[in-house]
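Inside the fold
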Amino acid sequence: MKSLDVQPVMPWWRVPAVWLVVAGPAAVVVAGIATAVIAVRGADPVVAPSAIPRAVTQLTVDTPAPAPAPRQTPAEPEARP
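The text that follows walks through the structure, step by step, so that each part is easy to find. From a predicted model like this one, the values you see are computed outputs, not experimental measurements.

Reading guide: rules and limits
- Residues numbered from 1 in each chain as written.
- Predicted model: local features only at pLDDT ≥ 70, side-chain atom pairs only at ≥ 80, totals over all residues.
- Heavy atoms only, no water.
- Phe/Tyr/Trp six-rings, centres within 6.5 Å; stacked < 30°, edge-to-face > 60°.
- Buried < 20%, exposed > 50% of the residue type's maximum accessible area, 1.4 Å probe, protein only.

Attention now goes to the packing of aromatic side chains. Across all of its chains, the model carries two aromatic pairs by this definition. Look at W12 and W13: their rings are 6.0 Å apart centre to centre, the planes differ by 85 degrees, and that puts the pair in the edge-to-face class. Considering the side-chain rings of W12 and W19, the 6.0 Å spacing of their centres and the 35 degrees angle between planes classify their relative orientation as tilted. For W12, a relative accessible area of 53% gives the class exposed. Chaining the aromatic ring pairs together yields one cluster made of W12, W13 and W19.

Here's what the structure looks like:
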C-alpha cells in the first residue's frame, strides 16, 4: 500500500495570491476615505445671493437660428435617354 505524502496547509495570509485579491478593494476603500476627508475639510463656503453681482445673474445667451425645414417634395424619376 502506498503512503500519501501529506503537505502542511499554509495559512491564508501566507498565500501571495490572496494579497493580490485583497489589495484592490482595500486601495479603493482607502482612496474613498481620503476623498471624503478632502471633501469635508476643503469644502467651499456657501455664497450668499446678495454677494453675486448683477452682471452674473443677468447674462444672456445668443441662441443659434433654427435649422431650415427639410424639403417635402417627392423625388423625380431619372430622365431616360
